[in-house]
Amino acid sequence: MLAHYGPSKAAVIEMSHSVARIGATRGLRSNTVMPGLILTDMWLRTIKELRRRDAALAGVSDADVFDSFVAQMVPMGRAQTPGDIAEMVAFLLSDKARNVTGQTIAVDGGAVMT
């Protein structure tokens, strides 16, 4: 799975940079928001695969397995939510961000996942 995950994220970021450069003269802005750890279907599939490989996880809830990853990977110690991402997008769409373009902003609690 990870063989395509990272390169596809990089491609979206680079496309956004190109759109920002081309669109800036027309008043268009293009930014990329990188979400951190959100309990999504992808994480649930990952947890299922981890359970298949590690019998010790058999009795551990999905939420507890996910929380252990968050504790290890996110310096702020909390998972992100769709609402966290929406708040950043709302900011970027607002006039307060009128001079922000070509940026990649991580909303990841300090995990800095690229």
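Above this note sits the structure.
Keep in mind that this is a model prediction, so the values were computed, not measured.

Some points on the nonpolar core
- Leu-37, Trp-43, Ile-47, Leu-57, Val-65, Phe-66, Val-70, Val-74 and Ala-111 together form the largest nonpolar core, which totals 9 residues.
- When residues of this core are traced back to their parent elements, those giving at least two are helix H2 (41–53) and helix H3 (62–73).
- Counting residues per element, this core draws most heavily on H3, at 3 residues.
- Once residues within four sequence positions are removed from consideration, Ile-47 is found in contact with Leu-39, Asp-62, Val-65 and Phe-66.
- Membership of the second largest hydrophobic core comes to 6 residues, among which are Ile-38, Met-88, Ala-97 and Val-107.

Remarks on the pattern of salt bridges
- Per the stated rule, a full pass over the model turns up 4 salt bridges.
- Residue Glu-49 is joined to Arg-53 by a salt bridge in which the shortest nitrogen-to-oxygen separation is 2.9 Å. Of this pair, Glu-49 and Arg-53 both sit in helix H2, 4 residues apart, which is roughly one turn of the helix.
- Judged by relative accessible area, which is 28%, Glu-49 ranks as partly exposed.
- Across the pair Arg-98 and Asp-95 runs a salt bridge whose closest N-O atoms are separated by 3.7 Å.

Let's talk about helix H4 (residues 82–93)
- For H4, spanning 12 residues, the distance from its first C-alpha to its last is 16 Å, which sits close to the expected 16 Å at 1.5 Å a residue.
- Of all the positions in H4, only Ile-85, Met-88 and Leu-92 are classed as buried. Angularly, the buried residues of H4 cover 60° about the axis, an arc narrow enough to put them on a single face. For H4, the exposed residues set more than 90 degrees away from the buried face come down to Pro-82, Glu-87 and Leu-93.
- Against strand E1 (32–35) and strand E2 (104–107) lie the buried residues of H4.

Re the side chain of Gln-80
- Along the chain, Gln-80 turns up in the loop between H3 and H4.
- Given the relative accessible area of 7%, Gln-80 is considered buried.
- Only 2.8 Å separates the side chain of Gln-80 from the backbone nitrogen of Leu-37, close enough to count as a polar contact.
- The residues contacting Gln-80, other than those within four sequence positions of it, are Gly-36, Leu-37, Ile-38, Val-74, Val-107, Asp-108 and Gly-109.

Digging into the side chain of Ser-30
- By secondary structure assignment, the location of Ser-30 is in the loop between helix H1 (2–23) and E1.
- Owing to a relative accessible area of 12%, Ser-30 belongs among the buried residues under this scheme.

Focus: the packing of H2 against H3
- Where H2 contacts H3, the axes come no closer than 10 Å and their chain directions differ by 100°. Classified by the angle between their axes, H2 and H3 sit roughly perpendicular to one another. Facing Trp-43, Leu-44, Ile-47, Leu-50 and Arg-51 of H2, the residues of H3 in contact are Asp-62, Val-65, Phe-66 and Phe-69.
- Tallied by class, the residues present in the contact of H2 with H3 amount to 7 nonpolar, no polar and 2 charged.

What counts as what
- Residues numbered from 1 in each chain as written.
- Predicted model: local features only at pLDDT ≥ 70, side-chain atom pairs only at ≥ 80, totals over all residues.
- Heavy atoms only, no water.
- Core = buried A, V, L, I, M, F, W, Y, C linked by side-chain atoms within 4.5 Å.
- Buried < 20%, exposed > 50% of the residue type's maximum accessible area, 1.4 Å probe, protein only.
- Helix = DSSP H or I, 4+ residues; strand = E, 2+ residues; numbered from the N terminus.
- Contact = heavy atoms within 4.5 Å.
- Salt bridge = Lys/Arg side-chain N within 4 Å of Asp/Glu carboxyl O.
- Expected span 1.5 Å × (residues − 1).
- Arc of directions from axis to C-beta.
- Polar contact = N/O pair within 3.5 Å; in protein donor to acceptor, adjacent residues only side chain to side chain.
- Axes fitted to C-alpha atoms, helices over the stretch in contact; angles between N-to-C directions.
- Parallel < 35°, antiparallel > 145°, perpendicular 65-115°, else oblique.
- Nonpolar A, V, L, I, M, F, W, Y, C, P; charged D, E, K, R; others polar.

In short, the description is geometric, and any link to function would need to be established separately.
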